[in-house]
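For reference, the chains in residue letters:
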Amino acid sequence: MSFQRPKGTNDILPGESEKWQFVEETARLLFRDYQYNEIRTPIFEHYEVIARSVGDTTDIVSKEMYDFYDKGERHVTLRPEGTAPIVRSFVENKLFGPEHTKPFKTFYMGPMFRYERPQKGRLRQFHQIGVEAFGSDNPATDVESMVMALDFFKQLGITQIRLVINSLGDKETRQAYRQALIDYLVPFEAELSEDSQRRLHENPLRVLDSKDKRDQKFVAQAPSILDYLSEEAQKHFDTVIAMLDALDISYEIDSNMVRGLDYYTHTIFEIMSDAPKMGAQATICAGGRYDNLVEELGGPQTPGFGFAMGIERLLLTMEAEEVVIPAFNSLDAYVVALGEETNIEALKIVQAIRDFGFSADRDFMGRKAKAQFKTADKANAKLVLVIGGDELANQTINVKAMRSRKEKSFSLQEIYEHFDEVYDEMTLFIEQEEE
């Protein structure tokens, strides 16, 4: 019997995992610069947390949740997205309290789960990086978040992108627009897809998000939500635009963009990849403002703004743009041990080098010198240290700088007590050669 990974999941192997680490580390460093701190929430949540936040009529809740009853008959679900769990944690841990800085800024990263048809860049276990800022209704928070996302892509080396924005307004806007949209769509009801027919009276904004070809021709002619913004919503959106202009950030406005979650209000945005190889999976980051979600989950009225991006899709984008990821795991020293009698000493040498804070490896397979040198070469080792029976008897070791091919003999005592100086001396040869 052959065991295989579950459908829609991936093993992330060495060679690939370094790319993930690069993306994650870049995010951690950048978000810290913007004063965001990490929250880690459980991988499963009570079903109600997601259903209440994301909305019963969304595809996520109606079709895609990995939900089940546990042994205590509690209805739980693997988390399908990151914001609802963060909001639940924000409320439960009273992070809105006076002792916490306002806005409260946090980020998360980790696996999410949706039961959907696996395709390129879309898996059943996928990974997200996201940020949330709670407590500020200042449009500057909207803009700072979008700028941080753009900044992140810049640091990853992704350049073929564009920012697309829209406003979903406030409650007053939504009520006026909801009615206008129903009035516009009802005459075409019979021609809409089944999903859109169901949503038309429950949640007509969902129809705008439909990927079904039957719906898209009607959506293209639909009234624009921007014509229905209340005075307050218009002022908020105008300020967002003025701030983006002040920072010289280019953007497009798409009045049909609604995002796939029910909790958004006011500003929403997507960052799209224009890399030719990306095709239909062009959205690589999306988010917006959600001013009622904290209250929905039992907390005080608290505005919020956030975004999320899928790591798998980010890596596809980097591949499409042929971004070169810096090399990880550089090897400072490789110990070539010749003969069984050097086994213990080789172990001591490798550990001594690591104790000085350098990376080191050795041969464990008892191979001939040529094979060991080949391994050192493949690993781009800066120094190769060779010890055989004669060296062991003399308590010496031969050190070779691989790039300059310079060699020198050192006593084992020098290695054990002053490897940092040996390293500096031998790598200095390389630097002088290159000058």
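Residues numbered from 1 in each chain as written. Predicted model: local features only at pLDDT ≥ 70, side-chain atom pairs only at ≥ 80, totals over all residues. Heavy atoms only, no water.

- If you check an unreviewed UniProt entry, the chain appears there as Histidine--tRNA ligase from Candidatus Enterococcus wittei.
- Listed in UniProt under the heading Catalytic activity (unreviewed entry), the comment for the chain reads: "tRNA(His) + L-histidine + ATP = L-histidyl-tRNA(His) + AMP + diphosphate + H(+)".
- Regarding the chain, the UniProt comment filed under Sequence similarities (unreviewed entry) reads as follows: "Belongs to the class-II aminoacyl-tRNA synthetase family." (UniProt positions renumbered as here; feature names shortened; annotations may be inferred.)

1. Remarks on the sheet that holds strand β9 (residues 265-273)
- Spatially, β1-β5-β6-β11-β10-β9-β7-β8 is the arrangement adopted by the eight strands of the open sheet, whose pairing is mixed. Of all strands in the sheet, those with a lone pairing partner are β1 (37-38) and β8 (252-253), marking the two edges.
- Summarising the sheet, strand β7 (residues 161-167) and β8 pair through two bridges and their orientation is parallel. By the bridge assignment, V164 is partnered in β8 with E252. (Pairing = 2+ DSSP bridges. Helix = DSSP H or I, 4+ residues; strand = E, 2+ residues; numbered from the N terminus.)

2. Here's the deal with the nonpolar core
- By size, the foremost hydrophobic cluster in this structure holds 48 residues, and its most contacted members are F31 and F152.
- Broken down by element, the residue count for this core peaks at nine residues, all from helix α5 (residues 139-156).
- Not counting the four nearest positions on each side in its chain, F31 is found in contact with Y36, F107, I129, V131, M148, F307 and M309.
- Counting residues in hydrophobic clusters, the runner-up holds 47 residues, among them L168, Y184, V219 and Y264. (Core = buried A, V, L, I, M, F, W, Y, C linked by side-chain atoms within 4.5 Å. Buried < 20%, exposed > 50% of the residue type's maximum accessible area, 1.4 Å probe, protein only. Contact = heavy atoms within 4.5 Å.)

3. As for the packing of helix α1 (residues 17-33) against α5
- Contact geometry of α1 with α5 gives a least axis separation of 10 Å together with a crossing angle of 135°. Compared by their axis directions, α1 and α5 come out oblique. Note that α1 runs across α5; the crossing there is right-handed. Across from F22, V23, T26, A27, L30 and F31 in α1, the residues of α5 making contact are M148, D151, F152, Q155 and L156.
- When the residues that make up the contact of α1 with α5 are grouped by side-chain class, the tally is eight nonpolar, two polar and one charged. (Axes fitted to C-alpha atoms, helices over the stretch in contact; angles between N-to-C directions. Parallel < 35°, antiparallel > 145°, perpendicular 65-115°, else oblique. Left-handed = near helix turned anticlockwise from the far one by under 90°. Nonpolar A, V, L, I, M, F, W, Y, C, P; charged D, E, K, R; others polar.)

4. Regarding the sheet that holds strand β15 (residues 396-401)
- Taken in spatial order, the five strands make up an open sheet running β13-β12-β14-β15-β16, and their pairing is mixed. Each of the sheet's edge strands pairs with one partner strand only, and the pair in question is β13 (360-362) and β16 (407-411). Taken over all neighbouring pairs, the strand axes of this sheet differ in orientation by 25° on average, direction set aside.
- The pairing of strand β12 (residues 333-337) with strand β14 (residues 383-387) spans five bridges and is parallel. Residue A337 lies in a different strand from β14, and its bridge partner there is I387.
- Packing against the sheet, helix α13 (residues 343-355) makes contact with β12, β13, β14 and β15, and its axis sits at approximately 170° to β13.

5. Quick notes on the pairing of strand β4 (residues 75-78)
- In this sheet, β4 lies alongside strand β2 (residues 44-46) in antiparallel orientation, the contact comprising three bridges. Along β4, the bridge assignment pairs E45 with T77.
- In terms of strand pairing, strand β3 (residues 67-69) meets β4 through three bridges, oriented antiparallel. Note that in β4 the partner of D67 across the bridge is T77.
- Connecting β3 to the antiparallel partner β4 that follows it, the hairpin turn spans five residues, and E73 within it adopts a positive phi of roughly 60°.

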